[in-house]
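Examining the three-dimensional arrangement
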Amino acid sequence: MTASLTQRRVRILNQICWTLALCVVAIPFVFPFLWMVSSGFKSAAEIFGSPSLVPREWQWRNFVDVFNHQPFARQYFNSLYIAVIVTGLTLVLSSLAGYALARMRFAGAALVGLFLVSALMVPEEVTIIPNFFMMRWAGLVDTHWPLILLPTFGPHGIMATFLMRQFFLALPKELEDAGKMDGLSRLGVWWSIALPMSRPALAAVAIITFLNSWNLFLEPLIFVSSLEKFTLPLALSNFTDPYGMPLWHLQLAATSLAVVPILVVYIIAQRQIIESFALSGVKG
Amino acid sequence: MTSLTLSNVKKHFGKVDVIRGVDLSVEDGEFVVFVGPSGCGKSTLLRMISGLEDISSGELRIGHRIVNETPPARRGVAMVFQSYALYPHLNVRDNMGFGLKVRKVPAGERARRVGEAARTLKLEPLLDRFPRELSGGQRQRVAIGRAIVGNPEVFLFDEPLSNLDAELRVHMRSEIAALHKRLGNTMIYVTHDQIEAMTLADKIVVLREGLVEQVGTPRELYERPGNLFVAQFIGSPKMNILPIDAAAGAWPGRPAGAAHVGMRPEDLKLTDPGAGLIGGKVLLSEYTGASSLLHVELPGGEVFLVGCEGCAIDAGTAVGLTIAPDRLHFFDDAGRRAS
């Protein structure tokens with residue numbers, strides 16, 4: 001009885017120590033976030049004037065001014081709808097292509113794989129200029145098309161394809177045989193058996209793709225020039241005075257608003273995000 | 001119920017010939033078992049019948065239809081897989097009804113057929129469970145149930161019991177036999193387990209390296225094996241084979257051209273040293289409960305297995321071996337049965 005009580009105390013103490021240690025380790029990561037949110041509520045002068053995280057005077061106006069400074073609601077919507085379309089397209093294409101690479105024997109399959117891997121090795125910054133010329137030739141500059149097409153068919157889409165391929169490779173082949181015996185076509189097997197079984201992988205791809213599209217900066221910078229076509233990352237860098245100096249209070253208020261969808265996604269799908277990094281072998 | 005005919009059926013993967021020309025006919029309602037060592041092509045042959053593997057050449061008929069190019073679902077066959085292959089995201093009811101749903105069978109009819117199969121296999125209390133919530137035997141029954149609901153003409157079983165423990169295997173074996181009796185469908189069953197083959201089959205097909213070695217009833221295969229391979233493959237422990245030149249003494253009933261003589265361990269009887277047809281020295285005695293298995297070394301160095309009920313013989317003891325003349329099996333130089 002006494003032994004078990006002592007054991008329990010040790011366990012609780014152990015847990016407290018761990019929690020405290022993790023809190024300390026978390027400070028460098030959490031502090032900038034808290035600073036951002038608190039600065040969003042401060043006046044421009046107070047941000048660098050006071051080190052306190054609690055504003056002297058809560059400037060709720062910042063969150064209204066954000067929308068007056070530029071068409072922020074429109075830009076917010078742009079980011080949201082582009083991210084949703086890119087995520088949907090990537091899910092469909094990467095699962096189809098991943099399935100084909102994992103399960104179908106076709107001439108040149110190895111070559112296609114090699115071609116895709118080689119595309120992963122070229123940094124996006126290197127391909128941005130040829131991509132710009134291609135989009136200009138297609139008349140898609142200053143539209144949202146490059147922001148949808150490039151992430152879907154670019155390195156990110158390829159990464160998603162490989163992630164799906166790895167998952168499909170691990171699915172038992174006998175299940176697909178059973179599907180064929182039940183009368184499913186190849187596409188039917190993909191839709192009715194492979195996809196429902198790969199929900200964790202699909203969730204991972206969806207989350208990573210959404211985050212990637214949401215945070216995309218270089219492509220909007222290069223391809224979009226009209227203010228109302230800006231996406232959030234570009235819009236955030238645009239909270240400046242007429243001399244180009246940042247309006248910190250507006251920028252930080254806008255940034256606080258910009259992270260809301262990401263936080264929602266993260267809170268809902270925390271487990272899948274962690275699994276997704278484990279699945280893709282990418283360290284977060 | 002329907003018959004099935006294979007005419008010179010071949011299969012090659014690239015340059016590798018896996019099935020090298022199989023002729024076989026399976027009658028209405030027959031229970032046929034394919035046996036053979038690993039890599040003999042028995043599972044490939046079954047998959048060719050199911051339609052999961054293409055037929056490289058030859059002709060496969062189910063009933064009167066040539067089905068070489070017919071997709072699996074339209075052949076009127078159902079398959080039970082070794083790993084059960086139940087869809088993990090569907091419950092038992094949906095697993096069993098999935099094929100009917102794909103074939104657009106109305107929901108009412110689907111529920112009726114699933115209910116009927118569940119009753120037959122005593123699966124009713126499990127219908128709302130998922131595969132992960134079932135034991136191995138229950139999963140196996142669901143896999144069989146999934147095959148039954150499609151009302152197939154031919155059932156195909158690909159080593160369906162090999163993932164079960166020994167006790168459950170015996171139980172499921174009897175369930176499959178009872179199912180065959182009740183449904184009366186043609187069934188083709190692949191196994192490497194001889195006991196399964198002997199107990200279930202109306203007809204056994206012994207395969208080796210993509211060719212049929214012998215087709216016959218379990219009794220025919222055991223009592224009149226067509227060649228040395230079948231003689232040694234069917235029966236456990238396997239038949240003892242002795243080259244006739246090396247054996248001393250005369251062999252009663254030896255036909256002309258016989259080069260090997262075979263004796264089943266259970267047919268051999270112990271006698272006093274020097275009194276039997278052959279003699280030797282006990283190397284090892286394995287006690288298995290009801291009987292013992294003796295390893296007897298002959299003067300020529302060959303080791304014979306001898307079944308011996310209720311005997312306790314120490315290693316090193318000299319023994320004589322005898323056998324009823326009609327229990328001797330003779331084979332010619334090419335390994336074929338010599339009569």
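Computed from a predicted structure; not experimentally measured. (Residues numbered from 1 in each chain as written. Chains lettered and ligands numbered in written order. Predicted model: local features only at pLDDT ≥ 70, side-chain atom pairs only at ≥ 80, totals over all residues. Heavy atoms only, no water.)

1. Some words on the pattern of salt bridges
Heads up, the rule is: A pair is scored as a salt bridge if a Lys or Arg side-chain nitrogen falls within 4 Å of a carboxyl oxygen belonging to Asp or Glu. Exposed residues in this analysis have more than 50% of their type's maximum accessible area, buried residues have under 20%, and partly exposed residues fall in between, with area computed by a 1.4 Å probe over protein chains only.
In this structure the tally under the stated criterion is 18 salt bridges over all chains. Residues R47(B) and E53(B) are paired through a salt bridge, measuring 3.4 Å at the closest nitrogen-oxygen approach. R47(B) sits in the buried class, given a relative accessible area of 15%. Look at the salt bridges and you will find they share partners, linking D177(A), K11(B), R47(B) and E53(B) into a network.

2. Describing the pairing of strand β17 (residues 318-322) of chain B
All names here are of chain B. How we decide: Pairs of strands are assigned from DSSP output, requiring at least two bridges between the strands. Secondary structure elements are defined from DSSP: runs of H or I of at least 4 residues count as helices, runs of E of at least 2 residues count as strands, and each element is numbered from the N terminus.
Here strand β13 (residues 269-271) runs beside β17; their pairing, made up of three bridges, is antiparallel. Along β17, the bridge assignment pairs K269 with T322. Pairing of strand β14 (residues 278-287) with β17, which is carried by four bridges, proceeds in the antiparallel orientation. Bridging across to β17, I278 finds its partner in L321.

3. Observations regarding the sheet that holds strand β12 (residues 258-263) of chain B
All names here are of chain B. Convention followed: For helices, the axis comes from a line fit to the C-alpha atoms of the stretch in contact; other axes are also lines fit to C-alpha atoms, and the angle between any two N-to-C directions lies between 0 and 180 degrees.
Ordered by their spatial adjacency, three strands build an open sheet running β11-β12-β18, and the pairing between neighbours is antiparallel. Both edges of this open sheet fall to β11 (240-243) and β18 (329-332), since each of them pairs with a single strand only. Averaged over all neighbouring strand pairs, the angle between strand axes comes to 30°, with direction disregarded. Bridge analysis of β12 against β18 gives four bridges, and the strand direction is antiparallel. What sits directly across from G262, in β18, is H329.

4. With respect to the side chain of S79(A)
Filter applied, for reference: We call two residues in contact whenever any of their non-hydrogen atoms come within 4.5 Å of each other.
Along the chain, S79(A) turns up in helix α4 (residues 72-103). Apart from the residues within four sequence positions on either side, S79(A) is in contact with W214(A), T231(A), L232(A) and P233(A).

5. Quick look at the domain arrangement of chain A
Convention followed: Source of the domain bounds: an automatic or database domain assignment.
When the domains of chain A are assigned, the result is domain 1 (2-49) and domain 2 (71-238). The gap between the C-alpha centroids of domain 1 of chain A and domain 2 of chain A is 37 Å.

6. Some remarks on the state of the cysteines
Note the following rule: By disulfide we mean two sulfur atoms from cysteines, separated by a distance within 2.5 Å.
Scanning all chains against the criterion turns up one disulfide over all chains. The residue that forms a disulfide with C308(B) is C311(B), at a sulfur-sulfur distance of 1.5 Å. On the basis of relative accessible area, C308(B) is assigned to the buried category, the value being 8%. Assessed through its relative accessible area of 18%, C311(B) is described here as buried. No disulfide involves C17(A); its sulfur sits 12 Å from the nearest other cysteine sulfur, which is in C23(A).

7. Points about the nonpolar core
The following threshold applies: Remark: nonpolar core denotes a set of buried residues (Ala, Val, Leu, Ile, Met, Phe, Trp, Tyr, Cys) joined through side-chain atoms within 4.5 Å.
Membership of the largest hydrophobic core comes to 55 residues, with the highest contact counts inside it found for F168(A), L4(B), F34(B), L45(B) and I188(B). Among the elements that take part in this core, helix α10 (residues 186-197) of chain A stands out by supplying six residues, more than any other. In contact with F34(B), not counting residues within four places along its chain, are L24(B), K42(B), L45(B), L46(B), I49(B), I188(B), Y189(B), V190(B), T191(B), V205(B) and L207(B). Residues V92(B), L164(B), M187(B) and I204(B) belong to the second largest nonpolar core, which totals 45 residues.

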